[in-house]
Structures are given as structure tokens and as C-alpha cells.
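The residues making up each chain are set out below.
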Amino acid sequence: MAATDIGQKINESYDQALAAQKAQLKAAYDEAISAYNAQLSDAPAAYQTLKNEAYVNNALLEKSRKESVANMGLSGAGGTSQTFQQRNTNTLLNTLGDASRQQQDYTDEINRALANLDTQYGADASSLLAQIESERNAALVSQNQWQASYDMSQQSSIFEQAYTLLASKKITNAQFEAMTGIDLK
């Protein structure tokens with residue numbers, strides 16, 4: 001097999017390894033992206049539950065306040081009803097604000113994780129490429145060294161055979177030159 005054929009086979013082998021490992025890396029990346037995107041899409045529903053609980057609690061507190069006012073009749077304690085109503089409204093708004101803030105924090109964390117994932121994917125892809133190219137170059141250098149050594153031993157063997165034949169006068173000087181490429185003038 002010619003040296004260029006071997007070099008080509010080495011390159012093809014490393015190209016296939018690179019493609020397979022890139023595909024594996026991309027599949028893992030896509031899977032992680034998909035998981036984070038699923039978390040992002042589920043976030044509004046999860047935090048809506050907290051908001052719904054706040055509305056239910058507010059409705060229960062308002063019902064209790066109205067029953068209290070009704071039980072008191074429009075007595076002098078009726079003025080405190082406004083204070084309780086305002087307190088209930090503030091509690092509702094605070095709870096809704098907390099839920100929205102928690103949802104935003106959660107979303108921000110996922111977006112940070114996605115950005116980190118992109119950065120890590122880029123670094124992993126670069127590292128993979130560098131590793132494969134390094135291994136490819138080492139294999140090609142090793143093959144070239146072997147080929148050079150083989151070629152030298154072949155030339156040495158041809159020279160020794162030609163010299164032996166020339167010394168025993170079984171070939172002419174012209175035949176020796178043709179065999180070895182060495183001019184005997």
C-alpha cells in the first residue's frame with residue numbers, strides 16, 4: 001500500500017472519529033437544552049399555582065372580614081374594616097410580587113445555565129477538535145517516520161544486492177546505476 005494511501009486512510013479514520021464524537025457531543029448538548037427549555041416552559045404554570053393560592057387566601061380573608069363586619073353590625077368597629085381590607089390587599093400584592101420575583105429569579109437561573117451550557121459546548125467542541133487533530137498529526141508523523149525508515153531499508157537492500165552483483169561481475173556498471181541511481185564514473 002502506498003504511503004499516500006495509508007495517510008489517506010489515517011485521515012479518513014480520524015475524520016470519522018471526529019464526526020462521531022461531534023455528533024455525540026451535539027446530542028448531549030441538545031438534550032440538555034431541551035431539558036432547560038422544558039423547565040422554562042413549565043415555570044409560568046408552577047408559579048401560577050402560588051399566585052392562585054394568594055388569590056384564594058385573599059378571598060378567604062375578605063370573606064372573614066366581611067362576616068366580621070356583618071356580625072358587628074355597622075357598629076363603631078366598622079372603621080377597622082377598611083384597615084383590614086387594606087391589609088388584605090397589601091398581603092395579596094406582596095404575595096403576588098414575591099411569586100413573580102421568584103419566577104423571574106428561576107427564569108434568570110435557567111437562562112444563565114443555558115448560557116453556561118453554550119460556553120461549555122463551545123469549549124468541549126474546541127477541545128475535541130484539538131485532541132483529534134493532535135492524535136491525527138501524531139499518527140501521520142509516526143506513519144511518515146515508518147515509511148521513511150522502510151524506504152531507506154529498501155534502498156539499502158537494493159544497494160547491497162546491486163553492489164554484490166557488481167562485485168561478482170554479474171552486472172555491468174550501467175545496470176548498477178540503473179538499479180541504484182548512483183553514478184559510477
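Computed from a prediction, not measured in an experiment: that's the story for all the values here.

A. Here's a closer look at the overall build of the protein chain. On a plain count of helices and strands, the protein chain comes out with 3 helices and 0 strands. Its helices and strands taken in sequence order, the protein chain reads α-α-α from the N to the C terminus. Its C-alpha radius of gyration of 41 Å places the protein chain more than 25% over the 16 Å reference for a compact globule of 185 residues. The burial tally for the protein chain puts 19% of its 185 residues in the buried class. Approximately 12800 Å² of the protein chain is accessible, and the part contributed by carbon and sulfur atoms is 54%. Each charge sign in the protein chain was given a centre, from 14 positive and 21 negative side chains, and these centres are 5 Å apart.

B. Region of interest: the nonpolar core. Judged by nonpolar contacts, Ile10, Tyr14, Leu18, Leu128, Ile132 and Leu140 together constitute the single largest core of 6 residues. Discounting residues that sit within four places of it in the chain, Ile132 has contacts with Tyr14, Ala17, Leu18 and Gln21.

C. The side chain of Asn58, seen in detail. One can find Asn58 in helix H1 (residues 3-72). Apart from the residues within four sequence positions on either side, Asn58 is in contact with Asn88, Thr89 and Leu92.

D. Seen up close, the pattern of salt bridges. Inspection of the entire model under this criterion finds 5 salt bridges. Residue Asp30 is joined to Lys26 by a salt bridge in which the shortest nitrogen-to-oxygen separation is 2.9 Å. Residue Asp30 and its partner Lys26 are both found in helix H1; the two are separated by 4 residues, about one turn of the helix. The class for Lys26 is partly exposed, based on a relative accessible area of 35%. Ionic pairing is found between Arg112 and Glu109, a salt bridge with its closest N-O pair at 2.4 Å. With Arg112 and Glu109 both in helix H2 (residues 79-167), this residue pair falls 3 residues apart, about one helical turn. Through salt bridges that share partners, Asp15, Glu133 and Arg136 make up one connected network.

E. Broad picture of the packing of aromatic side chains. The final tally for this structure, using the stated rule, is 5 aromatic pairs. On the numbers, 6.0 Å between centres and 50 degrees between planes, the contact of Tyr47 with Tyr106 is tilted. Here the residue Tyr47 occupies a position in helix H1, and Tyr106 occupies one in helix H2, the gap between them amounting to 59 residues. Take Tyr106: its relative accessible area is 30%, and that puts it in the partly exposed class.

F. Fine view of unusual backbone geometry. Phi is positive for Lys169, which is not a glycine, with a value near 60 degrees. In this structure, Lys169 sits in the loop between H2 and helix H3 (173-180). The exposure class assigned to Lys169 is exposed, which follows from its relative accessible area of 74%.

G. Local environment of the environment of Asn94. In this structure, Asn94 sits in helix H2. Judged by relative accessible area, which is 51%, Asn94 ranks as exposed. Spatially, the C-alpha atoms of Asn94 and Asp42 are 23 Å apart, while their sequence positions differ by 52 residues.

H. Local environment of the environment of Tyr106. Taking the C-alpha atoms as reference points, Tyr106 and Tyr47, separated by 59 residues in sequence, lie 9.9 Å from one another. Those residues in contact with Tyr106 that sit more than four places away from it in its chain are Gln39, Ala43 and Tyr47.

Scoring rules and cut-offs
Residues numbered from 1 in each chain as written. Predicted model: local features only at pLDDT ≥ 70, side-chain atom pairs only at ≥ 80, totals over all residues. Heavy atoms only, no water. Helix = DSSP H or I, 4+ residues; strand = E, 2+ residues; numbered from the N terminus. Rg over C-alpha atoms; globule rule 2.2 N^0.38 Å. Buried < 20%, exposed > 50% of the residue type's maximum accessible area, 1.4 Å probe, protein only. Areas by Shrake-Rupley, 256 points an atom, 1.4 Å probe, with all protein chains shown as cover. Lys, Arg positive; Asp, Glu negative; His and termini not counted. Charge placed at Lys NZ, Arg CZ, Asp CG, Glu CD. Core = buried A, V, L, I, M, F, W, Y, C linked by side-chain atoms within 4.5 Å. Contact = heavy atoms within 4.5 Å. Salt bridge = Lys/Arg side-chain N within 4 Å of Asp/Glu carboxyl O. Phe/Tyr/Trp six-rings, centres within 6.5 Å; stacked < 30°, edge-to-face > 60°.

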